[in-house]
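The lines below spell out each chain.
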Amino acid sequence: MTHNASKDSGEHIAPGAGLRIGDIAPDFSARSTTGDMRLSDYRGRWLVLFSHPADFTPVCTTEFVALAKAADQFAQRECDLMALSVDSLFSHFAWLRMIRDRFDVEVRFPIIEDPTLVIGRAYGMVAPDDNDSATVRTTFFIDPHGVIRAMTCYPANVGRSTSEMLRTLDALQAVDKDPVLAPANWEPGQKLLRQPSAKLDDVFAAKDHTDWFLQGVGRGKRT
């Protein structure tokens, strides 16, 4: 397994240093349940890369059942799913077989093995001196250019919300289409916000004291 934790500018990202919104997602190659893969092969599409603490655990199992059922909804948004944990490839296989037999759901998106923690550390999913990733439940929303656009992190005992993952993706795609803002609790079909004016004349000419910076515009639709 190899990884390349560097930005397009050539600046090196030290493993475990922590990534920020706007960074290029570190490239890597690894074995997965769908074969050997490289992160950069997903350029041109959105990608949700997420880690889970361990196979054969209760919360992770519910997450994977929910995400497998929602995989078509991510695909409709031109977004792929990719999971990662420290478990071996064959542990992943056995767990996916159990999920299929118990819940009648097939998990077809790739699950990466990361037994040496090299990927988890490059992404700041684990501390540099940790020996496992049992406390990690991190999600990265990566755009078609390979840029990290959003991140979430949950404790091991709290599962992610599939609907919020889809809503975040919808919001990111909506603000990419036009110079607009997605307000709190925004859902596709609801009004987006206009970018506030940076001109004093616009501030003085506004009909009321909020129009110049808080004004709805259009209705964002899911792409």
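These figures come from a predicted structure and were not determined experimentally.

The rules we used
Residues numbered from 1 in each chain as written. Predicted model: local features only at pLDDT ≥ 70, side-chain atom pairs only at ≥ 80, totals over all residues. Heavy atoms only, no water. Helix = DSSP H or I, 4+ residues; strand = E, 2+ residues; numbered from the N terminus. Buried < 20%, exposed > 50% of the residue type's maximum accessible area, 1.4 Å probe, protein only. Contact = heavy atoms within 4.5 Å. Areas by Shrake-Rupley, 256 points an atom, 1.4 Å probe, with all protein chains shown as cover. Salt bridge = Lys/Arg side-chain N within 4 Å of Asp/Glu carboxyl O. Expected span 1.5 Å × (residues − 1). Phe/Tyr/Trp six-rings, centres within 6.5 Å; stacked < 30°, edge-to-face > 60°. Lys NZ or Arg CZ within 6 Å of the ring centre and 35° of its normal. Pairing = 2+ DSSP bridges. Axes fitted to C-alpha atoms, helices over the stretch in contact; angles between N-to-C directions. Core = buried A, V, L, I, M, F, W, Y, C linked by side-chain atoms within 4.5 Å.

1. Considerations on the overall build of the protein chain
- Assigned secondary structure in the protein chain consists of five helices and eleven strands.
- A total of 223 residues make up the protein chain; the buried ones form 41% of that total.
- Restricting the contact set of the protein chain to residue pairs at least 6 apart, pairs at least 24 apart contribute 65%.
- A total accessible area of about 11700 Å² is found for the protein chain, and carbon and sulfur atoms account for 52% of it.

2. Section: the pattern of salt bridges
- Inspection of the entire model under this criterion finds twelve salt bridges.
- Notably, a salt bridge pairs Arg149 with Asp143, separated by 3.4 Å at the nearest N-O pair.
- Among the ionic pairs, Arg167 bridges to Glu164, the shortest N-O distance being 2.9 Å. Here the residue Arg167 and the residue Glu164 both occupy positions in helix 4 (residues 162–177), the gap between them amounting to three residues, near one helical turn.
- Look at Arg167 and you get buried, because its relative accessible area is 17%.
- Residue Glu164 is classed as partly exposed on the basis of its relative accessible area of 30%.

3. Re helix 4
- With 16 residues, helix 4 extends 23 Å from end C-alpha to end C-alpha; this agrees with the ideal 22 Å at 1.5 Å per step.
- Three or more residues of helix 4 are buried, namely Thr162, Met165, Leu166, Arg167, Thr168, Leu169, Asp170, Ala171, Leu172, Gln173 and Ala174.

4. Quick notes on the packing of aromatic side chains
- The final tally for this structure, using the stated rule, is seven aromatic pairs.
- With centroids separated by 6.0 Å and ring planes inclined at 80°, the aromatic side chains of Phe28 and Tyr123 adopt a geometry described as edge-to-face. Within this pair, whereas Phe28 is found in strand 2 (residues 27–30), its partner Tyr123 is found in the loop between helix 3 (118–122) and strand 7 (138–142), the two being separated by 95 residues in sequence. Considered together, Phe28 and Tyr123 belong to a single accessibility category, that of buried residues.
- Measuring from ring centre to ring centre gives 5.2 Å for Tyr123 and Phe140, while their planes differ by 75°; the resulting arrangement is edge-to-face. Here Tyr123, found in the loop between helix 3 and strand 7, pairs with Phe140, found in strand 7; they are 17 residues apart in sequence, far enough to count as distant.
- Take Phe140: its relative accessible area is 2%, and that puts it in the buried class.
- Grouping aromatic residues by their ring pairs yields a cluster made of Phe50, Phe64, Trp95 and Phe109.
- Geometry around Phe103 places Arg102 over its ring, the cationic atom sitting 4.8 Å from the centre.

5. Quick notes on the pairing of strand 8 (residues 148–153)
- The sheet contact formed by strand 7 and strand 8 spans five bridges and is antiparallel. Within strand 8, the residue paired with Ile142 across the bridge is Ile148.
- The hairpin turn running from strand 7 into strand 8, its antiparallel successor, is five residues long, and Gly146 in that turn takes a positive phi close to 85°.

6. Description of unusual backbone geometry
- If you check the backbone angles, Phe56 has positive phi at about 55° while not being a glycine.
- By secondary structure assignment, the location of Phe56 is in the loop between strand 4 (46–51) and helix 1 (58–76).

7. Some details on the sheet that holds strand 5 (residues 79–85)
- Spatial strand order, 6-5-4-7-8: five strands in an open sheet with mixed pairing. Each having just a single partner strand, strand 6 (111–113) and strand 8 make up the two edges of the open sheet. Adjacent strand axes in the sheet meet at a mean angle of 20°, parallel and antiparallel pairs treated alike.
- In the sheet, strand 4 pairs with strand 5 via six bridges, with the strands oriented parallel. Among the inter-strand pairings, Phe50 is bridged to a residue of strand 5, identified as Ala83.
- On the sheet, helix 1 packs against strand 4, strand 5 and strand 6 and is oriented at approximately 155° with respect to strand 5.

8. Focus on the environment of Gly18
- Tracing the backbone shows Gly18 in the loop between strand 1 (2–4) and strand 2.
- Along the chain, Gly18 and Tyr123 lie 105 residues apart, while their C-alpha atoms are 6.3 Å from each other.

9. Some words on the nonpolar core
- Within the largest apolar cluster, 26 residues are counted, with the highest numbers of intra-cluster contacts made by Val48, Phe50, Phe64, Phe74, Ile99, Val107 and Phe109.
- Among the secondary structure elements, those contributing two or more residues to this core are strand 4, helix 1, strand 5, helix 2 (89–103) and helix 4.
- If we ignore the near neighbours within four places in the chain, the residues touching Phe50 are Phe64, Leu67, Leu81, Met82, Ala83, Leu84, Phe109, Thr138, Thr139 and Arg160.
- Counting residues in hydrophobic clusters, the runner-up holds 21 residues, among them Phe28, Leu47, Ile119 and Tyr123.

Note that all results are geometric; they support no functional claim without further evidence.
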